[in-house]
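Residue-level structure breakdown
Letter by letter, the chains look like this.
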Amino acid sequence: MEFGSKVSSPEKVKTACIIVPVFESGKLSSSTKQLNDHADNYLTNIIKKGDIKGKIGQTLLVHNIPGINADRVLLVGCGKEKDLTDISFRKICSATILAIKTVNAIEAICCLAELNLKDRDLSWKITQAVKVFQASEDRTDTLKSEKDDSELSLGKLNWLTDSKTDSTKINKAAAKAAAIAAGISLAKTLGDLPGNVCTPTYLAEQAKSMGNTCKSMKVTILDERKMEQLGMGALLSVSRGSRQPAKFIIMDYAGGKQTQKPIVLVGKGLTFDAGGISIKPSAGMDEMKYDMCGGASVFGTMKAIAEMGLPLNVIGVVPSSENMPDGDANKPGDIVTSLSGKTIEILNTDAEGRLILCDALTYCERLEPDTVIDVATLTGACVIALGKPASGLFSNNQKLANALIDAGEESGDRCWQMPLWDEYQDQLKSNFADIANIGGREAGSITAACFLSRFTKKFHWAHLDIAASAWNSGANKGATGRPVSLLTQYLINRC
Ligand code: BES
Ligand code: MN
Ligand code: ZN
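Residues numbered from 1 in each chain as written. Chains lettered and ligands numbered in written order. Predicted model: local features only at pLDDT ≥ 70, side-chain atom pairs only at ≥ 80, totals over all residues. Heavy atoms only, no water.

1. Section: the nonpolar core
Rules: Nine residue types can take part in a nonpolar core, namely buried Ala, Val, Leu, Ile, Met, Phe, Trp, Tyr and Cys, and a core is a set of them joined through side-chain atoms within 4.5 Å. Partly exposed residues are those whose accessible area sits between 20% and 50% of the maximum for their type, while under 20% is buried and over 50% is exposed, using a 1.4 Å probe and protein chains only. Under the scheme used here, helices are H or I runs from DSSP no shorter than 4 residues and strands are E runs no shorter than 2 residues, and both carry numbers assigned from the N terminus. Note on contacts: a residue pair is in contact if any heavy atoms of the two residues lie within 4.5 Å.
Membership of the largest hydrophobic core comes to 58 residues, with the highest contact counts inside it found for M251, F299, M302, I373, L404, L464 and L491. When residues of this core are assigned to their parent elements, the largest contribution, nine residues, is made by helix α9 (residues 293–308). Not counting the four nearest positions on each side in its chain, M302 is found in contact with M210, M217, M251, Y253, V314, I315 and G316. Listed in part, the 46 residues of the second largest apolar core include V238, L357, C364 and A449.

Okay, structure coming up:
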C-alpha cells in the first residue's frame, strides 16, 4: 500500500471512497459536516435512521451521495469526541482498514487525521494509522498451497488536508511509518517461519541478503570455528546439542559520523527451543519456534532504520542456535566457561537464552558501544508477570530506561521497568562455578536479567524480555513484530 496526501476539500476531492469520522450520538466531525452540508443533509438523515451509532469501530459504507465528488463515503465510528485515546485511535484505524478492504477501490481518501487526541500531533496520527493499515497486508498463509484471496486490496491511500505545510508533514511521517511497518513485517515473517525452515543458517543468509541490498550495512557471520577461537564456550555449549550449526550474526549499519559510538542491539536468535535435556512438555511446544523473535526484531529494526537512512551508527548482533536434547547436549550440572572467562553451572538446560546472550553481550565490549540493548523471549515468568501489554524492561542506567519507556509510550509498543536489585543476585550463587544459570522459582524474569547484568558492567545496558509480547497464541497465532516499533522510536529519538 502506498501513502500520500491530497490538498483539497471533502466535497471536491475525486475518489472511489472518502473515509470520515462520526462520533457517538451522531455528532459529525469537520469533514463529515462539510460533506453533509454539500449533500443536503444526506448523511445526517442516514444517521438518524440508526444504522450507525458512532461507537468505536462501527462503520457504514454509503454510495452515490448527491452534491459531492466521491463515489462512496465510509463513515467510521469514533466514540465520544472527548474520550479519544491512543488505543481507541488505533482501534478506529483497524476497523477502517477492515471495512475499506470490502470496497472494490484501488485508492481512497482518509480524513481520520482530523481527530483530536491529547498531546498527539499530526505526524503521530499518521504514523500510527500507517502502521495499522500496513499491518493488514501481512500474511500468515505464505506456506499454504491455497491462499485466501477474498480480501480486496487498496493500492493507495491519501490523507486529505487543506494546507501545503501539513501535506509535507504527512508525506514525511508516512514515509517513516512505512519503513517501520516494513521492519515489523520482516520481524513477523521471520518469527512465523517454522524451525525447520528458519534455522541459524537461514537467519545468517537473510542478514547477508539485507547487507547486499543496503549500501550502508556491512554483514559479518561468525561460524562455530570462529566462535571457538574467540572462546564463546557458553553459546557453543547450547549449540552442541543440535545438528544445526550456530551462527553469530553481525549487522553493522553506518549512518552516522565515523567518530560516533554505535548503539548495539542484541537479539536472542534461538530458532527452536525444545529445552534440551531439561526438555519442555510437548503441549504448545511448537510455539518455541518463536524463541528467535528477539533476533527477528533486531533484523526488523535494522531494516527500518536503513530504509529511513537514520543518521546513527547501529550494530545488530544476533547469536543464533537451536536448543535440542542430544547425546552431546548440555547436561544439568555441566560447567562451561563463557567468553568473559566466568564459569557457569548449567542447572537447567532450558535456561539457554542467557547462555547464548552472555557471550554476545561480552562480545559487545569490543564494539566500544554507546549503549547496548538486548531483546529476548527469555522467561515464562515474564509472561506471568506482565502479560502482553508490556515487554519487561531492566537496565543498569535510569536515563536509558526512561528513554525506552518514553519510546514505548510514543510508539504504542510499551515496556514496563522491573527491578535489578542486588538482593536478587544472591539467587544465582553456585557451589561449583562463578554463577548458576537459574535462580529458583521466585522472580524468574528478574534473576534472568541479573544473570545478564553480570556481563554488562562495562557499558550502559538495557534488557527487554519479550516472552509475552512477541507473539499471539490461539486462533490468531502469529508473531507481533514487537518491539520493532519501540526500538525504532528509541533510535529516532536518539538522532
Ligand atoms: N524461551 C524460553 C522462555 C519462554 C517460555 C518464552 C515461554 C515464552 C514462553 C526460555 O528459554 C526458557 O525456557 N526459560 C525457562 C527458564 C527457567 C528454566 C529458569 C522458563 O522460563 O521456564
Ligand atoms: Mn529455554
Ligand atoms: Zn528459550
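2. Overview of the coordination of the manganese ion (ligand 2)
Basically, it comes down to this: Any nitrogen, oxygen or sulfur atom within 2.8 Å of a metal ion counts as a donor, with the limit raised to 3.2 Å for Na, K and Ca, and since water is left out, coordination shells can look unfinished. In this scheme the shape depends on donor count and angles: four donors with every angle between 85 and 135 degrees give tetrahedral, four or six donors with opposite pairs above 155 degrees and others between 65 and 115 give square planar or octahedral in turn, and any other case is irregular.
The coordination sphere of the manganese ion (ligand 2), as far as protein atoms go, consists of D273 (OD), D350 (O), D350 (OD) and E352 (OE), spread over 2.1 to 2.2 Å. In this structure, the manganese ion (ligand 2) is surrounded by six donor atoms whose angles at the metal cover 70 to 169°, and the resulting shape is irregular. In this structure, the manganese ion (ligand 2) is positioned 3.2 Å from the zinc ion (ligand 3), and both are ligated by D273. Here E352 lies in the loop between β13 (343–346) and α10 (353–364) and D273 lies in strand β10 (residues 269–273), a separation of 79 residues in the sequence.

3. Here's the deal with the coordination of the zinc ion (ligand 3)
Octahedral metals with six donors have ideal donor angles of 90 or 180 degrees. Tetrahedral metals with four donors have an ideal donor angle of 109.5 degrees. Protein ligation of the zinc ion (ligand 3) involves K268 (NZ), D273 (OD), D291 (OD) and E352 (OE), the donor distances falling in the range 2.0 to 2.4 Å. Taken together, the six donor atoms coordinating the zinc ion (ligand 3) span angles of 78 to 177° at the metal, a pattern that classifies the geometry as octahedral. We note that the donor set of the zinc ion (ligand 3) lies within a single chain, spaced as K-x4-D-x17-D-x60-E. Using a relative accessible area of 2% as the deciding quantity, one classes D291 as buried. Relative accessible area serves as the criterion here: at 1%, E352 is assigned to the buried category.

4. Regarding the domain arrangement of the chain
Note the cut-off: What marks off one domain from the next here is an automatic or database domain assignment. Buried area is understood as the total, over both parts, of accessible area removed when two parts are fitted together, assessed with a 1.4 Å probe. The salt bridge criterion pairs a side-chain nitrogen of Lys or Arg with a carboxyl oxygen of Asp or Glu, the two atoms within 4 Å. In protein, a polar contact means a hydrogen-donor-capable atom and an acceptor-capable atom, both N or O and within 3.5 Å, with residues adjacent in sequence counting only if both atoms are side-chain atoms; elsewhere, any N or O pair within 3.5 Å suffices. Polar here means any residue outside two lists: the nonpolar Ala, Val, Leu, Ile, Met, Phe, Trp, Tyr, Cys and Pro, and the charged Asp, Glu, Lys and Arg; Gly therefore counts as polar.
Domain assignment breaks the chain into domain 1 (2–137) and domain 2 (181–494). Counting residues at the interface gives nine residues for domain 1 and nine residues for domain 2. Three residues, R90, R120 and K131, lead the burial of domain 1 against domain 2; their summed loss comes to 52% of the area buried on that side. Viewed at the interface, domain 2 and domain 1 are joined by zero salt bridges. In this assembly, domain 1 and domain 2 are joined by six residue pairs in polar contact (both at pLDDT 80 or more). For the side of domain 1 that touches domain 2, the secondary structure elements donating two or more residues are α3 (86–100) and α4 (122–135). Among the elements that line the side of domain 1 that touches domain 2, the one with the most residues is α4, at five residues. Here the residues of the side of domain 1 that touches domain 2 sort into three nonpolar, two polar and four charged.

5. Considering the site of ligand 1
Using the following cut-off: One heavy atom suffices: a residue is near a molecule or strand as soon as one of its heavy atoms comes within 4 Å of it. What sets the accessible areas is the Shrake-Rupley method with a 1.4 Å probe; for residues, cover comes only from the shown protein chains. Note on definitions: the grid is 1 Å and covers protein atoms alone; a cavity is a set of points where a 1.4 Å probe fits but cannot get out; a pocket is an open set with protein on both sides within 12 Å along at least five of seven lines; lining residues have an atom within 4 Å of a point. Those molecules having more than half of their atoms within 2 Å of a cavity or pocket grid point set are described as sitting in that cavity or pocket.
Neighbouring residues of ligand 1: 16 residues in total, closest K280, D291, D350, E352 and G380. In the environment of ligand 1, an oxygen atom lies 3.3 Å from a nitrogen or oxygen atom belonging to the side chain of K268. Note that a nitrogen atom of ligand 1 is positioned 3.3 Å from one of the backbone N or O atoms of T377. Considered on its own, ligand 1 offers 510 Å² of accessible surface; in the complex 78% of this is hidden by protein. Among the detected pockets, ligand 1 sits in the second largest pocket. Along the lines of polarity and charge, the residues of the shell around ligand 1 split into five nonpolar, four polar and seven charged.

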